[in-house]
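Observations on the model geometry
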Amino acid sequence: MRKSTGLLSVLVLGVAVAGPVASAHAAPATAPATTPATAPVSAASACHGLVVKTNSANNKALSADGARSYKKAIGYNQATQKYAVQAQGACRHARHAEEIRDALRAAQQGAVRAELDNKRAYYEHDPRAGRAAIGDEEEAKMRMRNALRYV
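Let us look at the structure shown here. Nothing here was measured: the structure is a model prediction, and the numbers come from that model.

**Some points on the environment of Ile100**
Inspection of the secondary structure puts Ile100 in helix 4 (residues 97-124). Take Ile100: its relative accessible area is 1%, and that puts it in the buried class. Setting aside residues up to four positions removed in sequence, Ile100 forms contacts with Cys91, Ala94, Ala147, Tyr150 and Val151.

Written out as structure tokens, the structure is:
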């Protein structure tokens, strides 16, 4: 049974037909200007964005641990580690690069410890390991706050 009204296909067809006709009457094309969507990202912006992503992944891991969803927390801990490594590379020319790098490295190590604790909690059904993972993620959160202070 059809669930669509067909309006979408009419709109797409209308754009396809109207596209070449409108461009045939237009003035010759010049070099496209860079729009905000295609503008190159500055190094400081990339550094800040990756530090924020790292912090967000760590917060999601904390939330998953609080709900005792250890398997989800493992995935978020791995994402935290990945973004921390990427942020270390992106922030290598930042103003306070050494402080940011140290904070990110400490946060990454905390995420590694939390991942191992979460694996133990998930596979061995060990609630103490789950609580230890929360502690490791809280420490990583503290380190991320230090990194965000400099970015």
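**Overview of the nonpolar core**
One recurring pattern in soluble globular proteins: nonpolar side chains tend to sit buried together. Val51, Tyr83, Ala87, Cys91, Leu104, Met144 and Ala147 are the most contacted members of the largest nonpolar core, which totals 15 residues. Of all the secondary structure elements, the ones that give two or more residues to this core are helix 2 (43-66), helix 3 (70-90), helix 4 and helix 5 (127-150).

**Quick word on the pattern of salt bridges**
It is possible for side chains bearing opposite charge to pair when their charged atoms get close. Applying the stated rule across the entire model yields seven salt bridges. Linking Arg105 and Asp102 is a salt bridge whose minimum nitrogen-to-oxygen distance equals 3.4 Å. Separated by three residues within a single helix, Arg105 and Asp102 lie in helix 4, roughly one turn from each other. Of the charged contacts, one joins Asp136 and Arg113 as a salt bridge, the two residues approaching to 3.7 Å between their closest N and O atoms. One end of the pair, Asp136, is in helix 5; the other, Arg113, is in helix 4, with 23 residues separating them in the sequence.

**Some remarks on the environment of Asn55**
Its location among the elements puts Asn55 in helix 2. Through-space distance from the C-alpha of Asn55 to that of Met144 is 6.1 Å; in sequence the pair is 89 residues apart. In contact with Asn55, other than residues within four places in its own chain, are Met144 and Leu148.

**Comments concerning the side chain of Glu137**
Turning to its location among the elements, Glu137 is positioned in helix 5. Despite its burial, Glu137 pairs with no opposite charge, the nearest such side chain being Lys141 at 9.9 Å. Only 3.2 Å separates the side chain of Glu137 from the side chain of Asn77, close enough to count as a polar contact. Other than its neighbours up to four places away in sequence, Glu137 contacts Asn58, Ala61, Leu62, Asp65, Asn77, Ala114 and Asn118.

**Here we look at helix 5**
Between its first and last C-alpha, helix 5 extends 36 Å over 24 residues, near the 34 Å set by a 1.5 Å rise per residue. When we look at burial in helix 5, the residues that qualify are Ala129, Gly130, Ala133, Asp136, Glu137, Ala140, Met144 and Ala147. Summarising the contacts, the buried residues of helix 5 are in contact with helix 2, helix 3 and helix 4.

**Details of the state of the cysteines**
Using the criterion set out here, one finds one disulfide in the structure. A disulfide bridge connects Cys47 with Cys91, and the sulfur atoms are separated by 1.8 Å. The S-S bond linking Cys47 to Cys91 shows a torsion near 100°; that makes this disulfide right-handed. Residue Cys47 is found in helix 2, and its partner Cys91 is found in the loop between helix 3 and helix 4; the two are separated by 44 residues along the sequence. Residue Cys47 shares its accessibility class with Cys91, and that shared class is buried.

Each value, and the rule that gives it
Residues numbered from 1 in each chain as written. Predicted model: local features only at pLDDT ≥ 70, side-chain atom pairs only at ≥ 80, totals over all residues. Heavy atoms only, no water. Helix = DSSP H or I, 4+ residues; strand = E, 2+ residues; numbered from the N terminus. Buried < 20%, exposed > 50% of the residue type's maximum accessible area, 1.4 Å probe, protein only. Contact = heavy atoms within 4.5 Å. Core = buried A, V, L, I, M, F, W, Y, C linked by side-chain atoms within 4.5 Å. Salt bridge = Lys/Arg side-chain N within 4 Å of Asp/Glu carboxyl O. Lys, Arg positive; Asp, Glu negative; His and termini not counted. Polar contact = N/O pair within 3.5 Å; in protein donor to acceptor, adjacent residues only side chain to side chain. Expected span 1.5 Å × (residues − 1). Disulfide = S-S within 2.5 Å.

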